[in-house]
Amino acid sequence: MTTAPRPTEPGPADTAAQDTAVQDTAVQDTAARLTGLVRALRGHGLRIGPAETVDAAAVLDVLGLDDREQMRAGLAAALLRSDGQRAVFDASFDLFFPLGIGTPEAVRADPPPVPEDPEPPRFGRPDPLRDDLRERLAAALAADDRAAQARLAGEVIEAFGRYGTGATPGSDGWSAHQALGRLSPETLLARILAALRERGPEGAPEDADVADRVLADEIRRRIQGFRGLVATEARRRVAELRGAERIAERALAPTTDRIDFLAAGRDQIAELRRTVHPLARKLATRLAARRRRAARGHIDLRRTLRRSLATGGVPLRPAYRLRRPARPELVLLCDVSGSVAGFADFTMLLVRAMSEQFSKVRVFAFVNRTAEVTDLLRADGADDPGRLAARILAEARVMGYHGNSDYGSALAGFAEDHLDAVGPRTTVLILGDARNNHRDPNLPALHRIAARARRVLWLNPEQPSLWTTGDSAAPAYAAVVDMHSCRNARRLADLITRLLPV
């Protein structure tokens, strides 16, 4: 009778081999996550080359993976070039280096009761789970307890964020919008403010009013931060289902210079406003470099051949016909109607900040009538796009008997009353979507302007695929002057650098 051999105990060599295999797998996983993060950031327009990627890998090697926030700061220092890129980096970092996998550990240890009916109760009916989460959230926000808020974000997504049944691929997921709509954290403002009032010292009534306003702003900031935690948690869970790179491509807000002018909200317009002066300095440097290159002119063949006699007939020192280019004149013709007002305001502020690069700058605005607004652009407070737009609409005669855009009437008014602003050294920059409300586009007026100017450029904030839709007269105007799609600040900077004469 034979006995089965006993299993042998793993020896030191086997244990070392297993440890080495685990370490190799961890290194490969970390490298894959880092390269995925770099690809996602490149997809959002960040310029990250091999050198920055190698630096990031060295950062991970030095810092390790123990302290996640320290690792985040180190990678940001290695990969980013400006503060405006930090928001998209943080969101991408949370996808590729998440705090955990699956349901957060704190939520697994004490899971919230999942409602049997995924649909919210009808208005007026009790919702105990929602009321409990709101009560705990109000306490966490009042105490500014970040750990409690992070745990609540996981609970909120677990309780209210799930949608779909997974019966078909891609039909299920997690939605921050759905969860926040059920929770409604904004409606907790008064409750949190009352709780903070009870804790704070009493003072004079006027001091109390000021304190209330400051506290209200602080509470709104905390609520906004909690909304960000919920969105991050939802994105993390969806990334586990769909893949981090796909979510990084489709679900992250773009960097400031890639925000679509026509889709920008109030906060994004404020971000764009903060980029005006740095962008103006960068463009001024580029235009100055172009001007220096243009001053050299073309090669003077006769003088170059004469110089080559001293070097055996080899033209080592070419001679140039020196030019003395004068700074160009610029005329802006801007549609300030509601649909494209944000685009026009940003461009006007950018040109104002770059005015030293031109010998003369004149700005005209219109809705259906044209008026000069150069003095309004130079006035105090013109740095605020909101105030600038309001002053133009209030003080300049840009509208006639109706408030709809009429490019034909505006171009006719400019050609009749302000054509003296255009000369042989003038570049005319027209800003607008060319949506003419089915009125006469008045192409002869645009022909008159183009015949008098050095160059006419039309910047359209819509994508070219929309130029032939609805009431757009873009194809007709594009047949007369050069029309370019200009949807964000990066594209605007590129067009100004390439197309404006020096």
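As the structure is a prediction and not an experimental result, all values here were calculated from the model. (Residues numbered from 1 in each chain as written. Predicted model: local features only at pLDDT ≥ 70, side-chain atom pairs only at ≥ 80, totals over all residues. Heavy atoms only, no water.)

1. Describing the packing of helix α15 (residues 341–353) against helix α21 (residues 489–499)
Part 1 of the argument: With their axes 12 Å apart at the nearest point, α15 and α21 run at an angle of 45° to one another. Here α15 is positioned oblique relative to α21, judged by the angle of their axes. The interaxial crossing formed by α15 with α21 has right-handed handedness. Together, Phe346, Thr347 and Leu350 of α15 and Ala489, Leu492 and Ile496 of α21 make up the contact between the two elements.
Part 2 of the argument: Residues of the contact of α15 with α21, tallied by class, amount to 5 nonpolar, 1 polar and no charged. (Axes fitted to C-alpha atoms, helices over the stretch in contact; angles between N-to-C directions. Helix = DSSP H or I, 4+ residues; strand = E, 2+ residues; numbered from the N terminus. Parallel < 35°, antiparallel > 145°, perpendicular 65-115°, else oblique. Left-handed = near helix turned anticlockwise from the far one by under 90°. Contact = heavy atoms within 4.5 Å. Nonpolar A, V, L, I, M, F, W, Y, C, P; charged D, E, K, R; others polar.)

2. Examining the confidence of the model for the protein
Part 1 of the argument: Mean pLDDT over the protein: 83, with 83% of residues reaching 70 or higher.
Part 2 of the argument: Taking the mean pLDDT of every element in the protein, the minimum, 65, falls on helix α5 (residues 105–109) and the maximum, 95, on helix α19 (residues 443–452). (pLDDT = per-residue confidence, 0-100.)

3. A short note on the packing of aromatic side chains
Part 1 of the argument: Summed over the entire model, instances satisfying the criterion amount to 9 aromatic pairs.
Part 2 of the argument: A centroid spacing of 5.5 Å and a plane angle of 45° characterise the contact between Phe261 and Phe346, whose relative ring orientation is tilted. With Phe261 in the loop between α11 (244–250) and α12 (266–274) and Phe346 in helix α15, this pair connects stretches of sequence that are 85 residues apart.
Part 3 of the argument: Of the aromatic side chains, those joined through ring pairs into one cluster are Phe366, Tyr407, Trp458 and Tyr477.
Part 4 of the argument: The cationic tip of Arg237 hangs over the ring face of Trp174; the distance from NZ or CZ to the ring centre is 4.7 Å. (Phe/Tyr/Trp six-rings, centres within 6.5 Å; stacked < 30°, edge-to-face > 60°. Lys NZ or Arg CZ within 6 Å of the ring centre and 35° of its normal.)

4. Some words on the sheet that holds strand β4 (residues 360–366)
Part 1 of the argument: The strand order β5-β4-β3-β6-β7-β8 describes an open sheet built from 6 strands, whose pairing is mixed. Either end of the sheet is taken by a strand with one partner, and the two such strands are β5 (370–372) and β8 (482–485). Averaged over all pairs of adjacent strands, the angle between their axes in this sheet comes to 25°, without regard to strand direction.
Part 2 of the argument: Here strand β7 (residues 455–460) runs beside β8; their pairing, made up of 4 bridges, is parallel. Its bridge partner lying in β8, Leu457 is registered against Asp482. (Pairing = 2+ DSSP bridges.)

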